[in-house]
Amino acid sequence: MKAVCWEGTKKIEVETVPDPKIINPRDAIVKITSTAICGSDLHLYNGYNPTMKPGDILGHEFMGEIVELGSAFKNGNIHNKGKALAVGDRVVVPFTISCGGCFFCNRSLWSLCDNSNPNAWMAEEMMGHSPSGLFGYSHLTGGYAGGQAEYARVPFADVGLFKIPDGLADEQVLFFTDIFPTGYMAAENCDIEPGDTVAIWGCGPVGQFAIRSAFMLGAGRVIAIDRVPERLQMAKDGGAEILNYEEVEVGEALKEMTGGRGPDSVMDAVGMEAHGLGLEGFYDKAKQAVRLETDRPNALRQAIVACRKGGTVSVPGVYTGFVDKMPMGAFMNKGLTMKTGQTHVHRYLQTLLDRVQNGDIDPSFVITHRLMLEQAPQGYEIFNDKQDNCIKIVLKP
Amino acid sequence: MNQPIKVEKTLTINKPAAELYRFWHNFENLPHFMKHLKNVKVYDAKRSHWTTSGPLNVTVEWDAEITEDRENELIAWASVEGADVNNSGFIRFQPNPNGRGTEVKVVTEYKPLGGEIGNAIAKLFGESPKQQLGDDLRRFKMLMETGEIATTEGQPKGHNRS
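Residues numbered from 1 in each chain as written. Chains lettered and ligands numbered in written order. Predicted model: local features only at pLDDT ≥ 70, side-chain atom pairs only at ≥ 80, totals over all residues. Heavy atoms only, no water.

K.L.:
Give me the overall build of chain B: which residues, what numbers.
P.N.:
Each helix and strand in chain B was counted, giving three helices and seven strands. The order of helices and strands in chain B, counted from the N terminus, is β-α-β-β-β-β-β-β-α-α. When the 162 residues of chain B are sorted by exposure, 43% land in the buried category. Put simply, 47% of the contacts in chain B that link residues at least 6 apart link residues at least 24 apart. Just so you have it, chain B exposes about 8600 Å², and 46% of that area is on carbon and sulfur atoms. (Helix = DSSP H or I, 4+ residues; strand = E, 2+ residues; numbered from the N terminus. Buried < 20%, exposed > 50% of the residue type's maximum accessible area, 1.4 Å probe, protein only. Contact = heavy atoms within 4.5 Å. Areas by Shrake-Rupley, 256 points an atom, 1.4 Å probe, with all protein chains shown as cover.)

K.L.:
Talk me through the interface of chain B and chain A; I want residue IDs and the actual numbers.
P.N.:
Facing the 27 residues of chain B at the interface are 43 residues of chain A. Both sides of the chain B and chain A interface together cover about 2700 Å² of buried area, and 46% of this is carbon and sulfur. Linking chain B with chain A are two salt bridges, by the criterion used here. The closest approach of N and O atoms between Glu-124 of chain A and Arg-138 of chain B, which form a salt bridge, is 2.2 Å. Remark: the boundary between chain B and chain A carries 11 residue pairs in polar contact (both at pLDDT 80 or more). Broken down by element, the side of chain B that touches chain A gets its largest block of residues, eight residues, from helix H3 (residues 129-146) of chain B. (Buried area = accessible area lost by both parts, 1.4 Å probe. Salt bridge = Lys/Arg side-chain N within 4 Å of Asp/Glu carboxyl O. Polar contact = N/O pair within 3.5 Å; in protein donor to acceptor, adjacent residues only side chain to side chain.)

K.L.:
Pulling in residues and values, what's your account of the packing of aromatic side chains?
P.N.:
Evaluation of the coordinates by the stated rule reveals 20 aromatic pairs over all chains. Both rings, one in Phe-27 of chain B and one in Trp-77 of chain B, keep their centres 5.8 Å apart while their planes meet at 70 degrees; by these two values the pair is edge-to-face. With Phe-27 of chain B in the loop between helix H1 (17-25) and strand S2 (37-42) and Trp-77 of chain B in strand S5 (residues 74-79), this residue pair connects regions lying 50 residues apart in the sequence. Here Phe-27 of chain B matches Trp-77 of chain B in class, with each residue buried. A network of ring pairs unites the aromatic residues Phe-23, Trp-24, Phe-27, Phe-33, Trp-50, Trp-62, Trp-77 and Phe-140 of chain B as a single cluster. The ring of Phe-103 of chain A carries Arg-107 of chain A above its face, with NZ or CZ at 3.6 Å from the centroid. (Phe/Tyr/Trp six-rings, centres within 6.5 Å; stacked < 30°, edge-to-face > 60°. Lys NZ or Arg CZ within 6 Å of the ring centre and 35° of its normal.)

K.L.:
If you had to explain the side chain of Asn-384 of chain A to someone new, which residues and values would you point to?
P.N.:
Residues and elements named next belong to chain A. Mapping Asn-384 onto the fold places it in helix H15 (residues 376-384). Here Asn-384 falls in the buried class, since its relative accessible area comes to 15%. A distance of 3.3 Å separates the side chain of Asn-384 from the side chain of Asp-385, its partner in a polar contact. Among residues more than four places away in sequence, those in contact with Asn-384 are Lys-10, Leu-42, Tyr-45 and Asn-46.

K.L.:
Please give an account of the pattern of salt bridges that cites residues and values.
P.N.:
Residues and elements named next belong to chain A. Counting across every chain of the model gives 23 salt bridges over all chains. Asp-264 serves as the salt-bridge partner of Arg-308, at 2.6 Å between the closest nitrogen and oxygen. Of the two residues, Arg-308 sits in the loop between helix H12 (298-306) and strand S15 (312-315) while Asp-264 sits in the loop between helix H10 (250-257) and strand S14 (265-268), which places them 44 residues apart along the sequence. On the accessibility criterion, Arg-308 (23% relative accessible area) is partly exposed. With relative accessibility at 15%, the residue Asp-264 sits in the buried group.

K.L.:
How would you explain the nonpolar core if you had to name every residue and give the values?
P.N.:
Core analysis: the biggest nonpolar cluster contains 69 residues, and Phe-175 and Phe-176 of chain A have the highest contact counts within it. In this structure, this core is formed jointly by two domains, domain 1 (2-178 + 343-396) and domain 2 (182-340) of chain A, each of which donates at least three residues. Once you skip the residues sitting within four places of it in the chain, Phe-176 of chain A turns out to touch Val-92, Ile-164, Pro-181, Val-345, Leu-349, Leu-352, Leu-353 and Val-356 of chain A. Phe-73 and Cys-99 of chain A together with Leu-20 and Val-85 of chain B belong to the second largest nonpolar core, which has 59 residues in total. (Core = buried A, V, L, I, M, F, W, Y, C linked by side-chain atoms within 4.5 Å. Domains from an automatic or database assignment.)

K.L.:
Give a description of the sheet that holds strand S2 (residues 11-16) of chain A that names residues and reports values.
P.N.:
Residues and elements named next belong to chain A. A sheet is described by the order of its strands in space; here three strands give the open sequence S2-S1-S4, paired in antiparallel fashion. Whereas interior strands pair on both sides, the edge strands pair on one side only; in this sheet they are S2 and strand S4 (56-57). As paired elements, strand S1 (residues 2-8) and S4 share two bridges and run antiparallel to each other. Paired with Cys-5 across the bridge in S4 is Ile-57. Contacts from H15 reach S1 and S2, with the element oriented near 160 degrees to S2. (Pairing = 2+ DSSP bridges. Axes fitted to C-alpha atoms, helices over the stretch in contact; angles between N-to-C directions.)

K.L.:
Any details on H1 of chain B? Residues and values, ideally.
P.N.:
Residues and elements named next belong to chain B. Here H1 has its buried residues at Ala-17, Leu-20, Tyr-21 and Trp-24. Down the axis, H1 shows its buried residues gathered within 100 degrees of arc, on one side only. Those residues of H1 that are buried are in contact with strand S1 (5-13), strand S4 (59-70), S5, strand S6 (87-95), strand S7 (102-110) and H3. (Arc of directions from axis to C-beta.)

Below, the structure written as structure tokens:
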């Protein structure tokens, strides 16, 4: 089959590789009908994850049709009473791999599954404990082959795969795999009370879904911060008020817009490759370049300082290592709460399907580019460089 | 030199102590999740024969005996005289007081030998015996909690290795 492989920093190739096989009893093989490039794939593209290996198959946003099931499904002996599945089912695949039987899965903390990361020791050395395995997202989270390919092997398929009813197009449900639930969970993590003001740093795809989710969850106002005009426009189309951080001083502007109080909750939907301005931006870029700091937290710092007293800081943006100069004084003295994590995708699938079927949202609004799988290298380049007003790319195998 | 090497590891497994005890008590199950253990043959209630497979086709074998056995609580074993390598270990199953699974602690100890066989054993047990024990125990947990062991061995990857 054809698959999109990481071969080094900014080196993406479409290669012919062997088709995936069933390895474990609860596996499924999915023939992929649609897949996407995620903003977090750009961290890998840009070489910020040291546990990528040449030849790794990328991609964690994919859906398709079940073409093969492991032995657990044939003999009706599905462990943990997972879902029944059949060849031919049309499914979306959560990017987090979850066993359904551990302490964390039992508490709906799916992205913290104890049993899906074969390289847990690696994560434990870095972080004390390991999160769940993830598709196509480095060896730190399991080294699973990803879904920017014609086929993928899905472990614990009975727990992960989510059947899609007839009548919905791929583009309406593809983002259930990651960015829609990620934006939704990030909004939920804001602990929104009716009429709250939520400020969101980053108007990429996750930020866009977070804006719309915040309104669904009762926010009165959403203020979206970015510098890319088409992203700010899309945020505005979603009902947000917008701030271009290259044009205004964000902290002052937020105070002004909220009567001096500050937003009730703030969200960092940017993560470890934030673009800072001035001396602070230079400091982080320099330290990151020589690996004295792995992650650049400019958006997070700004968000903490801007948040109102007693407010909540929600962090869907991806971090992998260490950050410098966290304003802990502001965080502590203002009595803030921080909520974060990889997305517990499984928890939100039915809720989001209902939202789409009710007509509350059509997730396809975020797509700006549709390419063939073979064009993935070009896709990574235009997405990374934000060429051609690119916000979200869907690839067709 | 030749100091015994002792490693230990504790994990919580989301299953009742009795179920974990039963599975482990049949030593013939151990090669399912212990990476370097090739085969265990149980002779009787006490005695068993263990065979490991190491690098360069070196195998290390020994007879072991259960030295302590408390139902659903603890199993201890030790190699008997004439073993290629003297080793012992125990596993303890302790129900979490708040009903949140079973805390499982494994302690193993072995006496490294000098010479050729000693080197082979050192390789067999790897650079980090603690990590190896931790990985084995984690695979036991996976098998008990999910019925299988998470792996990526055998999956496709690109070939244009740079």
